[in-house]
Amino acid sequence: MGTPSHTPARPAALLEAVGGDRAMFQKLSEIFFRDCGLKFAALKQAFEAGDREAIGFHSHAMKSTVGPMAATRLLGMLQALEHECEHPGPPCEAARLAAIKAELHAVADAVRHFAGQL
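No experiment lies behind these values; they were computed from the predicted model shown.

1. A word on the layout of surface pockets
Now for step 1: Volume-wise, the largest pocket comes out at about 170 Å³.
Now for step 2: What lines the largest pocket is Phe33, Cys36, Gly37, Phe40, Lys101, Leu104, His105, Ala108, Asp109 and Arg112.
Now for step 3: Taken together, the elements giving at least two residues each to the lining of the largest pocket come down to helix H2 (22-49) and helix H5 (94-117).
Now for step 4: Each residue belonging to the lining of the largest pocket can be placed in one class, and the counts come to 5 nonpolar, 2 polar and 3 charged.

2. Quick word on the side chain of Thr65
Now for step 1: Note that Thr65 resides in helix H3 (residues 52-66).
Now for step 2: At a separation of 2.7 Å, a polar atom in the side chain of Thr65 contacts the side chain of Lys39.
Now for step 3: With residues near it in sequence (within four places) discarded, Thr65 still touches Phe32, Asp35, Cys36 and Lys39.

3. Focus: unusual backbone geometry
Now for step 1: In this structure, Ala70 is a non-glycine residue whose phi angle is positive, near 55°.
Now for step 2: Take Ala70: it is sitting in the loop between H3 and helix H4 (72-84).

4. Digging into the environment of Ala106
Now for step 1: Note on placement: Ala106 falls in helix H5.
Now for step 2: With relative accessibility at 23%, the residue Ala106 sits in the partly exposed group.
Now for step 3: The spacing of Ala106 and His83 is 23 residues in sequence and 23 Å in space, taken between C-alpha atoms.

5. Notes on the packing of H2 against H3
Now for step 1: Two elements in contact, H2 and H3, have axes separated by 9 Å at closest approach and are oriented at 165°. With respect to H3, the element H2 is oriented roughly antiparallel. The handedness of the crossing between H2 and H3 is left-handed. Across the interface between the two elements, Phe32, Asp35, Cys36, Lys39, Phe40, Ala42, Leu43, Ala46 and Phe47 from H2 touch Ala54, Ile55, His58, Ser59, Ala61, Met62, Ser64, Thr65 and Val66 from H3.
Now for step 2: By residue class, the composition of the contact of H2 with H3 is 12 nonpolar, 4 polar and 2 charged.

6. What to know about the packing of aromatic side chains
Now for step 1: Summed over the entire model, instances satisfying the criterion amount to 2 aromatic pairs.
Now for step 2: Seen from their ring centres, Phe25 and Phe114 are 5.4 Å apart, and the 70° between their planes marks the pair as edge-to-face. Here Phe114 lies in helix H5 and Phe25 lies in helix H2, a separation of 89 residues in the sequence. Comparing Phe25 with Phe114, the two get one shared label, buried.
Now for step 3: On the basis of an interplanar angle of 70° and a centroid distance of 5.1 Å, the ring pair of Phe32 and Phe33 is categorised as edge-to-face.
Now for step 4: A relative accessible area of 27% means that Phe33 is categorised as partly exposed.

What counts, and at which threshold
Residues numbered from 1 in each chain as written. Predicted model: local features only at pLDDT ≥ 70, side-chain atom pairs only at ≥ 80, totals over all residues. Heavy atoms only, no water. 1 Å grid on protein atoms, 1.4 Å probe; cavity = no way out; pocket = protein on both sides within 12 Å on 5 of 7 lines; lining within 4 Å. Points joined across faces, edges and corners; volume = space filled by probe spheres on them. Helix = DSSP H or I, 4+ residues; strand = E, 2+ residues; numbered from the N terminus. Nonpolar A, V, L, I, M, F, W, Y, C, P; charged D, E, K, R; others polar. Polar contact = N/O pair within 3.5 Å; in protein donor to acceptor, adjacent residues only side chain to side chain. Contact = heavy atoms within 4.5 Å. Buried < 20%, exposed > 50% of the residue type's maximum accessible area, 1.4 Å probe, protein only. Axes fitted to C-alpha atoms, helices over the stretch in contact; angles between N-to-C directions. Parallel < 35°, antiparallel > 145°, perpendicular 65-115°, else oblique. Left-handed = near helix turned anticlockwise from the far one by under 90°. Phe/Tyr/Trp six-rings, centres within 6.5 Å; stacked < 30°, edge-to-face > 60°.

All quantities given are derived from atomic positions and should not be read as evidence of function.
This is the structure in structure tokens:
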């Protein structure tokens, strides 16, 4: 028996939130892609600098970008990282950033696929 499939995002949630307005969904999707790129770059820079406060800040900021796409796993990863960075501790592991990046790519692919179906 296989493992349950993972749904990285549910972009239909955003379409529902805008009352089925496809043009608005497309506009918000464009903003999603732009902001994700910028916010991930800032998060990566904070990781490279070992700046836990900045990592927490950028994790929080990124949650507001991926939230409307109902990207549950990615939201959980970012929330855990944000909370972890509220307290002093060792530098965050690079593997966590790689996992966030991989999940972000999966979310972006799901959004592109959904948008292509409209």
